[in-house]
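# Structural overview for review
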Amino acid sequence: MVVLAKGELEQIALPAVQKAAPPLADVPEVDLAAAASRGAEGRAAAARAVAAACQEHGFFKVTGHGVPLDLLARVENAAAAFFALQQRDKESAMSAVAPGSPFGYASKRIGSNGDLGWVEYLLLGVTAAGASTGDHSADEPLLPAPADEEAVPSAWRRCSFRDLLNEYTVAVRRMTCEVLELMAEGLGMEETDVFARLVLEDDSDSMLRVNHYPPRPELKHLQQLHGGGGGGGGGRVTGFGEHTDPQIISVLRSNATSGLEIALRDGTWVSVPPDQGSFFVNVGDALQVLTNGRFRSVRHRVMVNSVRSRVSVIFFGGPPPRETLAPLPQLVGEGGRSRYREFTWREYKSSAYRTKLADNRLCHFETTS
Ligand SMILES: O=C(O)CCC(=O)C(=O)O
Ligand SMILES: [Fe+2]
């Protein structure tokens, strides 16, 4: 359960003027299996479609991805079982995480600068071996059994969430790299692994986030706060406030509950119809830089507008901290303008650490002339 203290609910509710859900998005789709089965021409067409989607929206859907559907269902069930545990068990399951670490279990606090959402989540670092809190050796259980065995649902007792998330991460990272190769091909890059290799390094800064958005809270108080009209039936509550993802790429899978919304180029919001058999891909800030702004990192948010819980799992593919990022010369072109100065991923992260969720983090790295 996400529990809100007095005053916090007001921070996650949108004003009554924004109470209507936006129209449905027409999300571009890329079928990886079809691309693979149709020879060089099929692959080139898929690469063009990926690049077009990244330029226009920074967002698209992947079907024919090859990640077994039963693995997706098992991860979803295990996540639901974890979030159904008692609060103290969820917290103690991650108690080995070092204080101040961004990893582990958290409820409603997103980042360390006061952002709140109607969400609870697990954030795990991804090493070459799979998903971990970054504080355990590979042999130690990532999520030890809660102290009170009686309180643990049987589904949770039977499976090892850690092993499952590792299996999931390995499969999704593989598919992510296929997508990154298509992106490079779509941009006409000779080195088609120019993006994928950054995510495959031993010290790549990748992460896995498992989000749980319980059904929205009672909105009686908000009706008064925002001048009425919202009410218990129609008000909108933020699960995850608007932002762009910092890394190169994010690959998201959710259950069948809606909530994800993306901003189009003109700033209007559209709602993404959920599809539990597919993955959604976001272009991240780092890829916007590498492509000199040809691909755009998509602004997105999650609204808790359903009576059902939403569970999502997101793989964030990031470069190693030491990696220097700058627009690729082939994409700047001779005599062209580089829109971003060179910086390391470590530098970007420490700058981003001081920002609020909705801030534009890339403006600090833009060139002026
Ligand atoms: O949970 C979702 O559907 C999206 C969450 C998100 O944007 C994030 O974790 O960065
Ligand atoms: Fe995100």
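The rules behind each value
- Residues numbered from 1 in each chain as written.
- Chains lettered and ligands numbered in written order.
- Predicted model: local features only at pLDDT ≥ 70, side-chain atom pairs only at ≥ 80, totals over all residues.
- Heavy atoms only, no water.
- Near = heavy atom within 4 Å.
- Polar contact = N/O pair within 3.5 Å; in protein donor to acceptor, adjacent residues only side chain to side chain.
- Areas by Shrake-Rupley, 256 points an atom, 1.4 Å probe, with all protein chains shown as cover.
- Helix = DSSP H or I, 4+ residues; strand = E, 2+ residues; numbered from the N terminus.
- Axes fitted to C-alpha atoms, helices over the stretch in contact; angles between N-to-C directions.
- Parallel < 35°, antiparallel > 145°, perpendicular 65-115°, else oblique.
- Left-handed = near helix turned anticlockwise from the far one by under 90°.
- Contact = heavy atoms within 4.5 Å.
- Donors = N, O, S within 2.8 Å, 3.2 Å for Na, K, Ca; no water.
- Buried < 20%, exposed > 50% of the residue type's maximum accessible area, 1.4 Å probe, protein only.
- Phe/Tyr/Trp six-rings, centres within 6.5 Å; stacked < 30°, edge-to-face > 60°.
- Lys NZ or Arg CZ within 6 Å of the ring centre and 35° of its normal.
- Pairing = 2+ DSSP bridges.
- Core = buried A, V, L, I, M, F, W, Y, C linked by side-chain atoms within 4.5 Å.

Before going further, it helps to spend a moment on the site of ligand 1. In the neighbourhood of ligand 1, 13 residues make up the surrounding shell, with Asn211, Tyr213, His300, Arg310 and Ser312 lying closest. Within the side chain of aspartate 245, an N or O atom sits 3.2 Å from an oxygen atom of ligand 1. Between ligand 1 and the protein, one listed contact pairs an oxygen atom with a side-chain N or O atom of serine 312 at 2.5 Å. The fraction of the free accessible surface of ligand 1 (290 Å²) that becomes covered by protein chains is 98%. At the level of elements, strand S6 (206–213), strand S7 (238–243), strand S12 (300–303) and strand S13 (310–317) are the ones that each hand at least two residues to the shell around ligand 1. If you tally residues by element for the shell around ligand 1, the top one is S13, at four residues.

This next bit is on the packing of helix H4 (residues 69–83) against helix H7 (residues 161–186). For the pair H4 and H7, the least separation of the axes is 10 Å and the interaxial angle reads 140°. Between H4 and H7, the angle is such that the two are oblique. In the packing of H4 onto H7, the handedness of the crossing is left-handed. Two secondary-structure elements touch here, H4 through Leu71, Leu72, Arg74, Val75, Ala78, Ala79 and Phe82 and H7 through Phe161, Leu164, Leu165, Glu167, Tyr168 and Ala171.

Next up on the list: the coordination of the iron ion (ligand 2). For the iron ion (ligand 2), the full set of protein donor atoms is His243 (NE2), Asp245 (OD) and His300 (NE2), and the range of their distances to it is 2.1 to 2.2 Å. Ordering the donors of the iron ion (ligand 2) by residue number gives the pattern H-x1-D-x54-H. One end of the pair, histidine 243, is in strand S7; the other, histidine 300, is in strand S12, with 57 residues separating them in the sequence. Each member of the pair, histidine 243 together with histidine 300, is buried.

One pass over the structure, following the stated rule, counts eight aromatic pairs. Here phenylalanine 343 and phenylalanine 365 contribute two aromatic rings whose centre-to-centre distance is 4.3 Å and whose plane-to-plane angle is 40°, an arrangement assigned as tilted. Taken together, the residues span a long stretch of sequence, with phenylalanine 343 in strand S15 (residues 343–344) and phenylalanine 365 in the segment after helix H13 (345–352) at a distance of 22 residues. Phenylalanine 365 shares its class with phenylalanine 343; the two are buried. In textbook terms, an aromatic cluster arises when at least three aromatic residues are bridged by ring pairs, as seen for Phe82, Phe83, Tyr105 and Phe161. A cation sits over an aromatic face here: arginine 209 above tyrosine 121, 4.5 Å from the ring centre. One Lys or Arg, arginine 301, reaches over the ring of tryptophan 269 and ends 4.0 Å from the middle of that ring.

For strand S11 (residues 279–283), the buried fraction is high: five of the five residues fall into the buried class. In this sheet, S11 lies alongside strand S2 (residues 59–63) in antiparallel orientation, the contact comprising four bridges. Bridged to phenylalanine 59 within S11 is asparagine 282. As paired strands, strand S8 (residues 249–254) and S11 are joined by four bridges and run antiparallel to one another. If you follow leucine 252 over to S11, its bridge partner there is phenylalanine 280.

Here the focus is the sheet that holds S7. The strands making up a sheet associate through backbone hydrogen bonding, with each pair oriented either parallel or antiparallel. As summarised here, the arrangement of the four strands in space is S7-S12-S9-S10, forming an open sheet in which the pairing is antiparallel. The open sheet has two free edges, formed respectively by S7 and strand S10 (269–271), since each of these has just one partner strand. For this sheet, the mean angle separating the axes of adjacent strands, direction not counted, is 25°. As paired elements, S7 and S12 share three bridges and run antiparallel to each other. The residue of S12 that forms the bridge with histidine 243 is histidine 300.

This part covers unusual backbone geometry. Residue lysine 108 is not a glycine yet carries a positive backbone phi of 60°. Following the sequence through the fold, lysine 108 ends up in strand S3 (residues 104–110). Phi is positive for asparagine 292, close to 55°, though the residue is something other than glycine. Along the polypeptide, asparagine 292 turns up in the loop between helix H11 (285–290) and S12.

Turning to the nonpolar core, a few remarks are in order. The nonpolar side chains of a soluble globular protein tend to be buried with one another. One finds Phe60, Val179, Met183, Phe195, Leu208 and Phe279 to be the most contacted residues of the largest nonpolar core, which totals 71 residues. Tallying contributions element by element places H7 first for this core, with 13 residues. If near-sequence neighbours (up to four positions away) are discounted, leucine 208 is found in contact with Leu122, Leu123, Leu124, Val126, Ala131, Leu165, Tyr168, Thr169, Val313, Ile314 and Phe315. Val119, Tyr213, Ile262 and Phe316 belong to the second-largest nonpolar core, a separate cluster that totals 25 residues.

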